[in-house]
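# Survey of secondary and tertiary structure
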Amino acid sequence: MINDSIDRYGSITRFFHWLVAVLVFQQFFKFADRINDGKHWLGDTFGPYHVSIGAIIMILAILRLLWSMKQKNQRPIIEGANSKLVKTVHGIMYFCLIAMPPLGALYIHGHGYPVKVFGQVLIEKPADKVQWAHDIGELHSILAIVLAILVVGHIGAALYHHFIRKDDTLRRMA
Ligand code: HEM
Ligand code: HEM
């Protein structure tokens, strides 16, 4: 089933959800740059793809958001005392996925480097460092920490529903 229904997310929503989840986990390896002055095999292995994969995540998140708006009236209803909190967390996660790539680009630009996606120069190397871009770009790291905390809470909530409440929350996205 391509479309969502009241009891289950459809294949397109599930495809977007799990593909973005895998890509985002891989982006989190960038935290490894904080270890040993950036000389860590995780950062070295995944670091070179960080910008290009980040750009793909942003495009997937926008498409996914548009798709979820189209499915609005026929998807599983998030109920319960925490429904507002759950929707807010989902909304902030979407916000992070869409805002982080431009902020990362500002950070790189601010440091005086060109921004390249799949080898194509998107923003030319500036003549010098650009202080304002660097300052705004620093929000990228803050949002990375916010997103990581929300993802941990999100996974904890999914496992809680599945193993303790024993309801359909995880199954309808699986
Ligand atoms: C939604 C997609 C993205 C996610 C989830 C993500 C995640 C992360 C994470 C977890 C870190 C480590 C932060 C830290 O240690 O404080 C990081 C750092 C970084 N990211 Fe991203 N990123 C994404 C997209 C991008 C894009 C598209 C770019 C560039 C255009 C980019 C550029 C950077 C840079 C330059 C750093 C190093 C910042 C620093 O050293 O303070 N990121 N990112
Ligand atoms: C980086 C990783 C992840 C992100 C960014 C993320 C994001 C989201 C978002 C935005 C939604 C709202 C529905 C939608 O618009 O598609 C959602 C739903 C959901 N996610 Fe994740 N997710 C991630 C990983 C996971 C993992 C690992 C699990 C399972 C252990 C999981 C389980 C679920 C479930 C069960 C729902 C449906 C919730 C409901 O209908 O009440 N997610 N996720």
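One can find the structure itself at the top, above this paragraph.
Worth saying up front: this structure is predicted, and the values here are computed from it rather than measured.

Here the focus is the packing of aromatic side chains. Scanning all chains against the criterion turns up three aromatic pairs. Taking 4.6 Å as the distance between ring centres and 40° as the angle between the ring planes, the aromatic pair formed by Phe29 and Phe46 counts as tilted. Here Phe29 is found in the loop between α1 (11–28) and α2 (41–46), whereas its partner Phe46 is found in helix α2, with 17 residues between them in sequence. Phe29 gets classed as partly exposed once you look at its relative accessible area, which sits at 29%. Take Phe46: its relative accessible area is 25%, and that puts it in the partly exposed class.

Right, let's talk about the coordination of the iron atom of ligand 1 for a bit. Within the first shell, the iron atom of ligand 1 binds the protein through His50 (NE2) and His140 (NE2), at distances of 2.0 Å. Coordination at the iron atom of ligand 1 is octahedral: its six donor atoms span angles of 87 to 180° at the metal. Residue His50 is found in helix α3 (residues 50–70), and its partner His140 is found in helix α6 (residues 139–165); the two are separated by 90 residues along the sequence. By the burial criterion, His50 is buried, and His140 matches it.

The next subject is the side chain of His50. Among the residues examined, His50 registers a relative accessible area of 17% and is labelled buried. Residue contacts for His50: discarding those within four places in its chain leaves Gln27, Lys30 and His140.

Another point: unusual backbone geometry. Despite not being glycine, Asp37 has its phi angle at roughly 55°, a positive value. Tracing the backbone shows Asp37 in the loop between α1 and α2. For Asp37, a relative accessible area of 72% gives the class exposed. Residue Lys166 is not a glycine yet carries a positive backbone phi of 55°. With respect to the helices and strands, the residue Lys166 is situated in the segment after α6. Using a relative accessible area of 62% as the deciding quantity, one classes Lys166 as exposed.

On to the coordination of the iron atom of ligand 2. Taken together, His17 (NE2) and His154 (NE2) make up the protein donors of the iron atom of ligand 2, found 2.0 Å from the metal. Angles of 87 to 179° at the metal separate the six donor atoms of the iron atom of ligand 2, which places the site in the octahedral class. Here His154 lies in helix α6 and His17 lies in helix α1, a separation of 137 residues in the sequence. Residue classification places His17 among the buried residues on the basis of a relative accessible area of 13%.

What counts as what
Residues numbered from 1 in each chain as written. Chains lettered and ligands numbered in written order. Predicted model: local features only at pLDDT ≥ 70, side-chain atom pairs only at ≥ 80, totals over all residues. Heavy atoms only, no water. Phe/Tyr/Trp six-rings, centres within 6.5 Å; stacked < 30°, edge-to-face > 60°. Helix = DSSP H or I, 4+ residues; strand = E, 2+ residues; numbered from the N terminus. Buried < 20%, exposed > 50% of the residue type's maximum accessible area, 1.4 Å probe, protein only. Donors = N, O, S within 2.8 Å, 3.2 Å for Na, K, Ca; no water. Tetrahedral: all angles 85-135°; square planar, octahedral: opposite > 155°, others 65-115°. Contact = heavy atoms within 4.5 Å.

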